[in-house]
Amino acid sequence: MKAAFVCVFVLYSLLVDHGVEAAASHSIHRKLQSLPAEQPSRTAYHFQPPKNWMNGPMYYKGVYHLFYQYNPYGALWGNIVWGHSVSYDLVNWVDLEHAIYPSKPFDINGCWTGSTTTLPGDKPAIIYTGSDSNNRQVQNLALPKNLSDPFLKEWVKSPHNPLISPPDDIDPKFFRDPTTSWQGSDKKWRIIIGSQINGYGAASLYKSEDFVKWTRSKNPLHSSNKTKMWECPDFYPVSVKGKNGVDTSVIRDNLKHVLKASFNDNDYYIMGNYEPETDKYSVDSDFMDYGLQLRYDYGQFYASKTFFDGAMKRRILWAWINELDSETDDIKKGWSGVQSIPRTVLVGKSGRQLVQWPIKEIEKLRQKEITVHDKELKDGSVLEVVGVTASQADVEVSFDLPNLEEAEPLEKSSVDPQLLCSQKPASVKGLVGPFGLLVLASQDLTEKTAIFFRVFKSHDKYVVLMCSDQSRSSLREEVNKTTYGAFLDLDPRHEKITLRTLIDHSIVESFGGEGLACITARVYPKLAIGKEARLYAFNDGTQTIKISKLSAWSMKRALILPVQKRRKSLI
């Protein structure tokens, strides 16, 4: 796989990488690249380093830390070090010097994904995967050089490295991405490592009393014979009743545990009950079970990692958003890869799945609100939302629906939503839908990305389909224009259908049903760039739809400053 990013949050976590396969498929570019003057696809309020390849969070003494896999020499994968940026609000960032780079036999061929854990005494520690001199994937420890430094600018590798080497029954090329550790009632630390055992995906479980000497458990925490290698696993508790996040080592009533694994180019998760005394994990529904395949995001979203933000009592999710243009385009641009907007994670009302929502801090970038109330959209209606910077915007809209008895039938009880969205794109008329937003659209609608809904009737219930249709997003032939889809677990007879979409030049993050389903898309228009981009609401179903309320804001640019250009000392 291609290397993704390390996600590290000072309280808990680091994000991912992709392993050895990437090194074989990407040439290493050592020539430093400069950025071209015009950057129509570069984002304004998503985190990106100043240039080159990135992938990439933690919270310590009032400071958020983002560690990410970074190529300082070029826009393609290779020469991977750990970049390091800090923030007080998860929106504006300052780049620091690299935190970890290959220097020892145990990581000389790459410092890959890892996670942070806060040890007793408020001491952060990083366990990361190194590719050693034999190209084996081994797990290593790094500690801050100076705990009094809230910016943790220097890290020291442990003399005990490697802490964990691949066991005999695991291919040394399929043993990576250690999670944030959690501590059981026996005071032993636990960690899981993404693995492939006998050809199947697994979360190998290790225990330690001192965070240095680790012992493999007899059985993995969980495994699946329906998947291959698990990358970037994540394991954490969530409250089934409360509205706050839960620290990683907390065990109490009314909790479920989430296990996430990255495979098949997507981030899947399951929920279940964890017994800390036996380390038994009993799942509600397993990976790739028929009819229920839960994902964080049904679009372009990979190698995610959560961390617990103790200051705000919330669990935050980040992911790496890869490019979908060509490597030639990446080199020309001088950069590749974007971080998603940080999202809060909670259990939804049904108790069957998670809901996600952009962190509150992102709203400080909003300006010049435009509103629309009680506006009917008849069949074929296209309503332009004027007065907003359509290439750099935040939009929230809720819809009132007509008599749902007119909804078209959905014949099959189990349908692939992405396939359904591809078969019924925004250009195909329906009964109740398609209705939603046209973003990054040209004035003549030659280019447009449609985020929309359709409502179907299936037996005695209604099914809400959410689509992100990139099929007409660009006149450029070389870019990927995959269409994505997901079902919303809501009853449209009793709940409004809502949509929030964050638009940032080449990335579109959409949240349907207050975060029940999320779809992230990469878009590379040729016409609808900068001031030429337009925003519309539309309805192309025969049934009239009413916009209950639409609010749109232009978004200010976030500050992402290289260390040498910061205005004042960090300390």
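All residue numbers refer to position in the chain's written sequence, counted from 1. Given that this is a predicted model, residues contribute local features only at a pLDDT of at least 70 and side-chain atom pairs are listed and counted only at 80 or more, while totals for whole chains, interfaces and linings are drawn from all residues. Only hydrogens and water are removed before side-chain values are computed, so all heavy atoms of the structure are retained for them.

### Description of the sheet that holds strand E19 (residues 280-283)
Okay, step 1: Pairing within the open sheet is antiparallel, and its four strands lie in the order E16-E17-E18-E19. Looking at which strands have only one partner, the edges of the open sheet turn out to be strand E16 (231-239) and E19. In this sheet, adjacent strand axes meet at a mean angle of 35° when their direction is disregarded.
Okay, step 2: Where strand E17 (residues 255-263) meets strand E18 (residues 266-275), seven bridges bridge the pair, whose relative direction is antiparallel. Bridge pairing in E18 links phenylalanine 263 to asparagine 266. Strands are labelled as partners when DSSP assigns at least two bridges between them. Here a helix means four or more residues in a row that DSSP labels H or I, a strand means two or more in a row labelled E, and each is numbered from the N terminus. Between N-to-C directions, angles span 0 to 180 degrees; the directions come from axes that are lines fitted to C-alpha atoms, helices contributing only their stretch in contact.

### Let's talk about the side chain of serine 85
Okay, step 1: When you line up the elements, serine 85 lands in strand E4 (residues 81-87).
Okay, step 2: Nitrogen and oxygen atoms within 3.5 Å of one another constitute a polar contact, given that in protein one can donate a hydrogen and the other can accept it, and given that sequence-neighbouring residues count only through two side-chain atoms. Among the polar contacts made by the side chain of serine 85, one reaches the side chain of aspartate 95 at a distance of 2.4 Å.
Okay, step 3: For this analysis, residues touch if any pair of their heavy atoms sits within 4.5 Å. Discounting chain neighbours no more than four positions away, the residues touching serine 85 are Phe47, Tyr64, His65, Leu66, Tyr68, Trp93, Val94, Asp95 and Leu96.

### Details of the environment of tryptophan 357
Okay, step 1: Here tryptophan 357 lies in strand E25 (residues 354-358).
Okay, step 2: Categorising residues by exposure relies on relative accessible area from a 1.4 Å probe, with only protein chains included: less than 20% of the type maximum marks a residue as buried, more than 50% marks it as exposed, and the intermediate range marks it as partly exposed. Note on tryptophan 357: relative accessible area 22%, which makes it partly exposed.
Okay, step 3: Placed 153 residues apart in sequence, tryptophan 357 and serine 510 show a C-alpha to C-alpha distance of 9.8 Å.
Okay, step 4: Ignoring anything within four residues of it in the chain, the contact list for tryptophan 357 reads Pro342, Arg343, Thr344, Glu396, Arg500, Phe511, Glu514 and Gly515.

### What about the packing of aromatic side chains?
Okay, step 1: Any pair of Phe, Tyr and Trp rings, taking the six-membered ring for Trp, is counted once the centres come within 6.5 Å. Such a pair is stacked with planes under 30 degrees apart, edge-to-face with planes over 60 apart, and tilted for the rest. Under the counting rule described, the total for this entry stands at 24 aromatic pairs.
Okay, step 2: With 4.6 Å between their ring centres and 10° between their planes, phenylalanine 263 and tyrosine 268 make a pair best called stacked.
Okay, step 3: You can call phenylalanine 263 buried: its relative accessible area is 2%.
Okay, step 4: For tyrosine 268, a relative accessible area of 7% puts it in the buried group.

### Focus on the state of the cysteines
Okay, step 1: The disulfide definition used here is simple: a pair of cysteine sulfur atoms within 2.5 Å. Here the structure, examined in full by the defined rule, presents one disulfide.
Okay, step 2: Sulfur-sulfur distance for the disulfide between cysteine 421 and cysteine 467 comes to 2.0 Å. Judged by the sign of its S-S torsion, about -80°, the cystine formed by cysteine 421 and cysteine 467 is left-handed. Of this pair, cysteine 421 sits in helix H3 (residues 417-423) while cysteine 467 sits in strand E32 (residues 461-469), placing them 46 residues apart in sequence.
Okay, step 3: Accessibility expressed as a relative area gives 0% for cysteine 467, which makes it buried.

### Notes on the side chain of aspartate 234
Okay, step 1: Its place among the elements puts aspartate 234 in strand E16.
Okay, step 2: The exposure class assigned to aspartate 234 is buried, which follows from its relative accessible area of 2%.
Okay, step 3: A polar atom in the side chain of aspartate 234 sits 2.7 Å from the side chain of lysine 305.
Okay, step 4: Within polar-contact distance, the side chain of aspartate 234 engages the side chain of threonine 306 at 2.8 Å.
Okay, step 5: Among residues more than four places away in sequence, those in contact with aspartate 234 are Thr179, Val258, Leu259, Lys260, Lys305 and Thr306.

### What about the pattern of salt bridges?
Okay, step 1: Salt bridge, as used here: a side-chain nitrogen of Lys or Arg that lies within 4 Å of a carboxyl oxygen of Asp or Glu. Taken as a whole, this structure holds 40 salt bridges when the rule is applied.
Okay, step 2: For lysine 457, the salt bridge identified is with glutamate 405, shortest N-O distance 2.9 Å. You can see lysine 457 sitting in strand E31 (residues 449-458) and its partner glutamate 405 sitting in the loop between strand E28 (392-400) and strand E29 (408-409), a full 52 residues away along the chain.
Okay, step 3: Among the charged side chains, a network of salt bridges with common partners joins Lys360, Glu363, Arg366, Asp394, Glu396 and Arg500.

### Re the nonpolar core
Okay, step 1: Ranked by size, the top nonpolar core spans 48 residues in total, and within it Leu437, Phe453, Val455, Met466, Leu488, Leu535 and Leu550 carry the most contacts.
Okay, step 2: Definition of nonpolar core: a set of buried residues of the types Ala, Val, Leu, Ile, Met, Phe, Trp, Tyr and Cys, connected through side-chain atoms within 4.5 Å. Among the nonpolar cores identified, the runner-up in size contains 17 residues, and Val238, Leu294, Ile321 and Ile507 belong to it.

### What to know about the sheet that holds strand E7 (residues 123-131)
Okay, step 1: Spatially, four strands are ordered E6-E7-E8-E9 in an open sheet, and the strand pairing comes out antiparallel. With one partner strand each, in any of the chains shown, strand E6 (111-119) and strand E9 (155-157) form the two edges of the open sheet. With direction set aside, neighbouring strand axes in the sheet form an average angle of 30°.
Okay, step 2: Across three bridges, strand E8 (residues 137-144) lies against E9 in antiparallel orientation. Residue alanine 142 lies in a different strand from E9, and its bridge partner there is lysine 157.

### Brief notes about the pairing of E8
Consecutive side chains along a regular strand alternate between the two faces of the sheet.
Okay, step 1: Along E8, seven of the eight residues are buried, which leaves the element largely enclosed by surrounding structure.
Okay, step 2: Pairing of E7 with E8 involves six bridges; the strand directions are antiparallel. In the strand pairing of E8, threonine 129 is matched with glutamine 139.
Okay, step 3: Hairpin connection, E7 to E8: the antiparallel pair is bridged by five residues, and asparagine 135 has positive phi, about 60°.

### Regarding the confidence of the model for the chain
For any part of a model where pLDDT is low, the fine detail of the predicted coordinates should not be relied upon.
Okay, step 1: Each residue carries a pLDDT value, the predictor's own confidence for that position, ranging from 0 to 100. The predicted model of the chain averages 89 in pLDDT, with 89% of residues at 70 or higher.
Okay, step 2: Below pLDDT 50 for its whole length, residues 52-56 participates in 52 contacts with residues either more than four positions away or in separate chains.

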